[in-house]
Amino acid sequence: MRPAPAVLASLLQNLRAFTPFSGMPDRDVERLVAAAQLQYFAPDETILSPVAARPPYCWIITRGAVQGERPNAAGVVVPAWEIAEGEMFPLGALLSNRGVTSVYRSVTDTFCLMLPATEFDALVATSTVFRDFC
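Residues numbered from 1 in each chain as written. Predicted model: local features only at pLDDT ≥ 70, side-chain atom pairs only at ≥ 80, totals over all residues. Heavy atoms only, no water.

## A short note on the overall build of the chain
Each helix and strand counted, the chain has five helices and eight strands in total. Written out in order from the N terminus, the α and β elements of the chain read α-α-β-β-β-β-β-β-α-β-β-α-α. For the chain, whose C-alpha radius of gyration is 15 Å, the value lies close to the compact-globule estimate of 14 Å for 134 residues. Counting across all 134 residues of the chain, residues that qualify as buried make up 41%. (Helix = DSSP H or I, 4+ residues; strand = E, 2+ residues; numbered from the N terminus. Rg over C-alpha atoms; globule rule 2.2 N^0.38 Å. Buried < 20%, exposed > 50% of the residue type's maximum accessible area, 1.4 Å probe, protein only.)

Okay, structure coming up:
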């Protein structure tokens, strides 16, 4: 679902509080927000699971938190890390052109911008600030 113009303006302003968006030219951040879809995830909802294929999106958390889970030595899936508002995932998989190895699960009510991988690639290619951060 594409956000309304007022929501897009609010998202743009909110992203500016976080790196790398705070250092990117307006045109690049505007392009990112315009290309992305806003998605809601309920608490404990799986956003992304391990697969062999490259993820179709770069998720940017605009509100809430996401927990990464991986199997431990005994094979039990346990929390490994947590990321919050302003952070992106799965950068390693997108940059390496591979699938993800963790389960990404919402911790609370979570909203993410879902930037298509093709737009992510274009920003990496054209935005020095974005590329250096990633």
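## Some thoughts on helix α2 (residues 26-35)
Because the α-helix completes a turn every 3.6 residues, residues three or four places apart line up on one side. The set of residues buried in α2 consists of Asp 28, Val 29, Leu 32, Val 33 and Ala 35. If you follow the buried residues of α2, they end up packed against α1 (5-15), β1 (37-41), β3 (57-63), β8 (110-116), α4 (117-126) and α5 (128-133). (Contact = heavy atoms within 4.5 Å.)

## Regarding unusual backbone geometry
Following Thr 19, the chain continues to Pro 20 via a peptide bond in cis, the omega torsion being 10°. Within the secondary structure, Pro 20 sits in the loop between α1 and α2. In this structure, Asn 97 is a non-glycine residue whose phi angle is positive, near 55°. Relative to the elements of secondary structure, Asn 97 occurs in the loop between α3 (91-96) and β7 (103-106). By relative accessible area, which is 56% here, Asn 97 ends up exposed.

## A word on the packing of aromatic side chains
Across all of its chains, the model carries six aromatic pairs by this definition. With centroids separated by 4.9 Å and ring planes inclined at 10°, the aromatic side chains of Phe 89 and Tyr 104 adopt a geometry described as stacked. Separated by 15 residues along the polypeptide, Phe 89 in strand β6 (residues 88-89) and Tyr 104 in strand β7 bring together distant segments of the chain. On the basis of relative accessible area, Phe 89 is assigned to the buried category, the value being 2%. (Phe/Tyr/Trp six-rings, centres within 6.5 Å; stacked < 30°, edge-to-face > 60°.)

## Things to note about the packing of α1 against α2
Interhelical geometry of α1 versus α2 gives an angle of 130° and a closest axis separation of 10 Å. Between α1 and α2, the angle falls in the class oblique. You can see that α1 and α2 cross each other, and the crossing is right-handed. Between α1 and α2, the residues in contact are Leu 8, Leu 11, Leu 12 and Leu 15 and Val 29, Glu 30, Leu 32 and Val 33, respectively. Looking at the contact of α1 with α2 residue by residue, the classes come out as seven nonpolar, no polar and one charged. (Axes fitted to C-alpha atoms, helices over the stretch in contact; angles between N-to-C directions. Parallel < 35°, antiparallel > 145°, perpendicular 65-115°, else oblique. Left-handed = near helix turned anticlockwise from the far one by under 90°. Nonpolar A, V, L, I, M, F, W, Y, C, P; charged D, E, K, R; others polar.)

## Examining the sheet that holds β7
Within the open sheet, the four strands sit side by side as β2-β7-β4-β5. Their pairing is antiparallel. Looking along the sheet, the strands with just one partner apiece sit at the ends: β2 (46-48) and β5 (77-84). Pairs of neighbouring strands in the sheet enclose a mean axial angle of 35°, with direction left out of account. The pairing of β2 with β7 spans two bridges and is antiparallel. Across the sheet, the residue bridging to Thr 46 is Arg 105, located in β7. (Pairing = 2+ DSSP bridges.)

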